[in-house]
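Take a look at the letters that make up each chain.
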Amino acid sequence: MSGETATGEGPTEALDRARSLLLRYRVPVGLVLVVLLLRPVISHPLLLGYEAVAATILIWMVFVAAFNLLFGYAGLLSFGHAMFLGFGMYAAAIGVSGRAGAPELPFPVAAAVGIAVAATVGYLLGRLTVEKGEIYFAFLTLAVAQAVEFTANRNPLNLTGGSNGVTQNVLPGFVESTRGQLVVVFTGLEIDWYWFVSAVFLVAMLALWQIVRSPFGRSLVAIRENGDLARAMGINTTRYKVQAFTISAAFSALAGSVLMIDRYGASQETLSVITSGDTVLMAVLGGVRYFFGPVAGVFVWQFTEEFLNEFEVLHLGFTSVDLSGVLTHWQFFLGALFVVLVVVAPLEGIWGYLRDWVRDLYVRVKGVAE
Amino acid sequence: MSGNNTWDTVDRRTVLRAAGAAGIGGLAGCLGGGGDEGGANDLTVGVATSLSGPFSVFGQAALDGAMLAVEDLEEELGVSITVEDGDTQLDPQTGVSQLQRMVTEAEADFTMGAVSSSAAQAMASWANENEVIYMPTGAHGDGLTGAACGPYSFRPTASNSMLAASIGAEMAESADSWYLLYSDYAWGDTAQSAVSRILEEQGKEVVGRSATPFPADDYSPYLNEADNSDADGIGMLIAGLDLRKASNQLVSQGMQGDYTLAMHQLEDAVFWGLDRESAGILDSAGQVWGPAVDTDASVDFCERVAESSNTDPYVRHFLGYLSMDQAVRAAVRADSTNADDMRGALEGHEVSSMAADIKGGDSGMYWREGDHQLIQPTYTVEAMDVETMSEDPYKRWFQTVNTFDGDDVARPVSETGCSM
Amino acid sequence: MSTTELTREDLATVSPAWWAAGLLTVVLLAVTFAVEPGLFIDQAIGGLVYGMVLVLVTLGLSLILGLMGIVNFAHGAFFMLGAYISYSVVVTLGLPFWAALILAPLIVGVVGVVLEITVLRYLYDSDPIVSLLATFGLTMMIEEVIRAYWGTAPLEISRPSVLTRGTDLGVTTVPTYRLFLVGVAVITIAAVYLLISRTDFGLTIRAGVQDGEMTEFVGVNLPIRFTAMFFLGAALAGFAGVLYSAETGMRTTMGETFVILAFVVVVVGGIGSLFGSVVSGILIGVSAYLTPVVLSALAEVTNQPWLALQIRNLVPYLVMILILLYRPRGLFGEEGFLE
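Rules and cut-offs
- Residues numbered from 1 in each chain as written.
- Chains lettered and ligands numbered in written order.
- Predicted model: local features only at pLDDT ≥ 70, side-chain atom pairs only at ≥ 80, totals over all residues.
- Heavy atoms only, no water.
- Helix = DSSP H or I, 4+ residues; strand = E, 2+ residues; numbered from the N terminus.
- Expected span 1.5 Å × (residues − 1).
- Bend = angle between axes of the 7 residues up to and from the residue.
- Polar contact = N/O pair within 3.5 Å; in protein donor to acceptor, adjacent residues only side chain to side chain.
- Domains from an automatic or database assignment.
- Contact = heavy atoms within 4.5 Å.
- Buried area = accessible area lost by both parts, 1.4 Å probe.
- Salt bridge = Lys/Arg side-chain N within 4 Å of Asp/Glu carboxyl O.
- Buried < 20%, exposed > 50% of the residue type's maximum accessible area, 1.4 Å probe, protein only.
- Pairing = 2+ DSSP bridges.
- Axes fitted to C-alpha atoms, helices over the stretch in contact; angles between N-to-C directions.
- 1 Å grid on protein atoms, 1.4 Å probe; cavity = no way out; pocket = protein on both sides within 12 Å on 5 of 7 lines; lining within 4 Å.
- Points joined across faces, edges and corners; volume = space filled by probe spheres on them.
- Nonpolar A, V, L, I, M, F, W, Y, C, P; charged D, E, K, R; others polar.
- pLDDT = per-residue confidence, 0-100.
- Core = buried A, V, L, I, M, F, W, Y, C linked by side-chain atoms within 4.5 Å.
- Right-handed = clockwise from strand over helix to strand, strands pointing away.

Caption draft 1: Focus on helix α12 (residues 274–302) of chain C. Residue and element names in this part refer to chain C. Between its first and last C-alpha atoms α12 spans 40 Å; for 29 residues at 1.5 Å apiece the expected length is 42 Å, and the two agree. Along α12, the sharpest kink reaches roughly 35°, centred on Leu290 and followed within four residues by the proline Pro292. For α12, the capping residue at the N-terminal end is Ser273, with a side-chain oxygen 2.7 Å from the backbone nitrogen of Gly276. Where α12 terminates, the next one or two residues include Asn303, which has phi positive at roughly 60°.

So, in structure tokens, the structure goes:
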């Protein structure tokens, strides 16, 4: 390889420059690829044959990536992240519907309120909890999330609708839905809901990417790796962790506000500990060390759920096997995969293995080529 | 899910996937889209209901009943009906996702299902927004034909307030002050206000009420509250099989003899888990339908259910049957599956099919235009003597005491809070 | 596992804030008793009984976490598995309830052993978070097995008929079955306490966690003892599952509900303290029953009806938030453990 560059041939140089550009911007390029490929791939009849899930998956990717800013980068495992998703969801639903005398707000304003509430709660909760030791942090966030769910269930001031959630008049004016197809109407233009979500996805994910590769993000990693050392170097670890918590909460709420439209309202189930648990599972499954870990985790999880749940008969041409009885229990297999990943290398996840595998392959191919 | 049915339904999704996997493909364009105006010979019906979790017994029974209706309708009307089923669990959001999947992917023409009123309410508001006909098969919460009513949702079962009105007189007669325990969600909440209203109209007092989480394990703190409230009667407005649990705990706290117990909506299946002597624990109970109805059509229907379903016949089988019957007939009458055409065929329609015969009562049933409530007779029931309870070919433990005209127990549209 | 006892020095170091909180509690309880004596007694006794049930459910978790440092999220799944196995023993095999009470914990214990050997053994040296995640995955698997084998509809068994009625305690009637549970809980707690503090078995495990090499060096077969310990923890969860579900029936969500409650009890009591778990279980049981009564009495006295909040199910979490914020190691936890 080194011999080649030394000769300074034109085409190789150009190739190298292209490659380094690609390497440098691999995250934005990867995100665009996710957006472009996700829907065609999953709506292929061989796979799901059902495209409405695609938008939901993108929103979940934003949410789990926001969660992972806290867990993967700052090393804080929140077991109550559903509440932040919920703040976004409920604020958007209550604001848009203007129920129970709440002021009727345009969607962006309502979403902003939700994001502000989530950030505030994240900040205050962070102040109280980030230095408590990781297990205690996990249980404190869980407890607070339980309290939030309980409060939503009590329907304070008739705002949250109790166990009904908020499901009436929740679509903002610029979204139209007919027989299950969501369309965004924007100055006379009709845009498919998927592309709207894609835009939000790209903006949010690029922002998160900027955060993790900024000095701030690198300090977080330093704190996670060795808190004492970071403190000795003069980093105010508490402040960094609190900021990470606040940012993570805000992005979660952003995902929640878009999810509200996608799922036609806010539901109390979203606030439950099951949502928080799934979030953790998806992040770890994908690989918490990597920016694309949550993306991979959400895809594998949601895809497995939709695909295996409905998969019934496997046709092999010469014979057919009825797998419906076994595959509806996809959680068992996903759980098993999860346990194996955690025991072997808890932070790598699917993405980590995929990377190593691709790298090995690359090295081998190059070796053969030379 | 189709694997669990006694009937051999192959849904389109399976066919498609199988075809795709076998490399044939290209079937997608052949099947008609939803909401067409032209004809109603090939119908796809989405049934989204609780097939897992605390209400799964109810949801499965409703699905079984609906499949019986499919058999009858295909034979009588010469239509072909594909049922696309899906599990809502207890969750409004899952319910909405199921409806969306059925309508967009399986191209369901119209939809029905749900046990929990909270799920049904979310599903109804989705259906109304998306111009899809939806029948909340087994949801009794008043909101569905009240504040949350809409142009395309039609409720085939009786509302909480109709059932509460049915037992109102009995309750007022048997005790002067009441304590209400109610499951803390849409159904329990509206049941509680309907029962309170009925009691207060008759000059009786509700001295206290407790919202109990649903589902719950431990009813004893709430029972303690009722026990210390100086009430003479307790309204046990507790959903699903939890009523059985709460009753067991009430007995083991020694409270049974001290109170009159009432529940506006008795479902036979809830009591089959108790021993026969305890089946009569409720002093007044209302009912939409049950094996207690002894018309010929009802007995026939019960026997068919006993043969084909895993559970003995009770109200949920009938509600599934009724929903399928009414929705399919509306499409055939309108000769269209367009939501507005079907709406026109349902509003004001007087039910004259087999479903009306099974339901019994003399007053008939019709779809009220103002709130899309199916006005129908209601019953009060009591446990039979232990010796006369029958087990074969199906359990029949209760008998009707009174039958009420639907128009007498339903509130006028103006009081429901529904505006369409 | 320490069995901390309150000493005079401990009391002397209690801060004025805690004294004030204690005093306020006493005043509130007195007010409540004055306003609603009957309900107060009913709920206090009911809460005490419920608290003992909580302790029983928590015991296995408390042991595994306190002695082995494993954050066993699968505790709830073991609990639920015990309940469902008892259904099969009683309904499918037609054996009496008492047989289920012995068989189900044994089977769950064996499942625990299999998981310890195949999975958890590799995690003793890792961060507690890793064991939490791994057992979270195991929970998913066990729950799915339960759904696949027993279905998702609620199930129930009939209890021995002696226990279906109530026992009149003079001031209130308590379900006889719950009194039976209290008795079983007391015996189980005593047995576990003796096992870990008075026998060689408990001491070596504790030593092994602190210094595995040295303990093995002196001739103790640690892996086998760790496996045995995990068997005990899983079997206790299964045992609690059988006892609890006989009253309430089996539901596929019971595991998840109770693992969270059990963690709350352990964390409030202090990780590593058996005594702490007992105190905190009772504390949480009683406060869950009494808080709504206190609030409604307060609402009546102050004439502020909005105070009568129905917050029963929130109480365990409120207790945990308060305790953890002011005393992160829990009531009787060792300082620095997992902090």
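Caption draft 2: Structural view of the domain arrangement of chain B. Residues and elements named next belong to chain B. Under the domain assignment used here, chain B contains domain 1 (8–158 + 295–376) and domain 2 (160–287 + 379–413). Centre-to-centre, using C-alpha coordinates, domain 1 lies 28 Å away from domain 2. On the side of domain 2, 33 residues touch domain 1, which itself brings 35 residues to the contact. Counting the surface domain 1 buries against domain 2, the share from its top three residues, His140, Asp142 and Asp312, is 21%. With a closest N to O distance of 2.6 Å, Glu267 and Arg316 form a salt bridge. Run the count over domain 1 and domain 2 and you get 10 residue pairs in polar contact (both at pLDDT 80 or more).

Caption draft 3: Seen up close, unusual backbone geometry. Residue and element names in this part refer to chain B. Cis peptide bonds are those with omega within 30 degrees of zero, and the linkage from Phe214 to Pro215 qualifies with -10°. Tracing the sequence through the fold places Pro215 in the loop between β6 (205–212) and α7 (220–227). Here the amide bond leading from Asp392 into Pro393 is cis, since omega sits at 5°, within 30 degrees of zero. A positive phi is found at Gln89, a non-glycine position, where the angle reads about 50°. Given a relative accessible area of 37%, Gln89 falls into the partly exposed group. Non-glycine residue Asp230 carries a positive phi angle of around 65°.

Caption draft 4: Focus on the sheet that holds strand β1 (residues 42–49) of chain B. All names here are of chain B. Taking strand neighbours across the sheet as the criterion, the 4 strands line up as β2-β1-β3-β4 in an open arrangement whose pairing is parallel. The outermost strands of the open sheet, each flanked by one partner alone, are β2 (80–87) and β4 (134–135). Here 2 bridges tie strand β3 (residues 110–112) to β4, and the two strands are oriented parallel to one another. The residue of β4 that forms the bridge with Met112 is Met135. On the sheet, helix α2 (residues 56–77) packs against β1 and β2 and is oriented at approximately 170° with respect to β2.

Caption draft 5: Main features of empty space enclosed by the protein. All names here are of chain B. Summed over the entire model, instances satisfying the criterion amount to 11 cavities of 30 Å³ or more. Space inside the largest cavity adds up to approximately 140 Å³. Forming the boundary of the largest cavity are 20 residues, of which Trp187, Gly240, Gln265, Glu267 and Arg316 lie nearest the centre. Counted by class, the lining of the largest cavity contains 12 nonpolar, 6 polar and 2 charged residues. When residues of the lining of the largest cavity are assigned to domains, at least three map to each of domain 1 (8–158 + 295–376) and domain 2 (160–287 + 379–413).

Caption draft 6: Spotlight on the sheet that holds strand β1 (residues 175–178) of chain A. Residues and elements named next belong to chain A. Strand order across the open sheet formed by 3 strands is β1-β2-β3, with antiparallel pairing between neighbours. The two strands at the open ends of the sheet, each matched to only one other strand, are β1 and β3 (189–192). Ignoring strand direction, the axes of neighbouring strands in this sheet form an average angle of 35°. Examined bridge by bridge, β1 and strand β2 (residues 181–186) share 4 bridges and lie antiparallel to one another. The residue bridging Ser177 from the neighbouring strand is Leu182, located in β2. The strands that helix α8 (residues 193–213) touches are β1, β2 and β3; relative to β3, the one it contacts most, it runs at about 75°.

Caption draft 7: Layout of the confidence of the model for chain C. Across chain C, the average pLDDT comes to 86, with 94% of residues at 70 or higher. Low pLDDT, under 50, characterises residues 1–5 of chain C; the predicted model gives this stretch 17 contacts beyond four residues in sequence or across chains.

Caption draft 8: Focus on the nonpolar core. Membership of the largest hydrophobic core comes to 244 residues, with the highest contact counts inside it found for Phe79, Trp193, Phe201, Met205, Met260 and Phe291 of chain A together with Phe78 of chain C. For this core, the element with the highest residue contribution is helix α4 (residues 52–73) of chain A, accounting for 18 residues. Setting aside chain neighbours within four positions, we find Met260 of chain A in contact with Met89, Ala92, Ala93, Val96, Phe107, Val170, Gly265 and Ala266 of chain A. Judged by nonpolar contacts, the second largest core, of 118 residues, contains Leu163, Trp272, Ile281 and Phe398 of chain B.

Caption draft 9: Up close: helix α10 (residues 222–248) of chain C. Residues and elements named next belong to chain C. For α10, built from 27 residues, the straight-helix expectation of 39 Å at 1.5 Å per residue is met to within 8% by its first-to-last C-alpha distance of 39 Å. Burial analysis of α10 places 21 of its 27 residues in the buried class, the great majority of the element. In the stretch just after α10, Gly249 is the one whose phi turns positive, near 85°.

Caption draft 10: Main features of the pattern of salt bridges. In this structure the tally under the stated criterion is 30 salt bridges over all chains. Between Glu105 of chain B and Arg101 of chain B there is a salt bridge, with the nearest N and O atoms lying 3.8 Å from each other. An identical accessibility class is assigned to Glu105 of chain B and Arg101 of chain B; each is buried. When the shortest N-O distance is used, the salt bridge between Asp242 of chain B and Lys245 of chain B registers 3.7 Å. Taken together, the residues span about one helical turn, with Asp242 of chain B and Lys245 of chain B both in helix α8 (residues 242–252) at a distance of 3 residues. Each of the salt bridges in this network shares a partner with another, and the network as a whole consists of Asp217, Asp242 and Lys245 of chain B together with Arg251 of chain C.

Caption draft 11: Representation of the pairing of β6 of chain B. Residue and element names in this part refer to chain B. Relative to β6, strand β5 (residues 177–183) runs parallel, the two sharing 7 bridges. Counted as the bridge partner of Tyr179 is Gly208 from β6. This β-α-β element, β5 to helix α6 (residues 186–201) to β6, shows right-handed connectivity.

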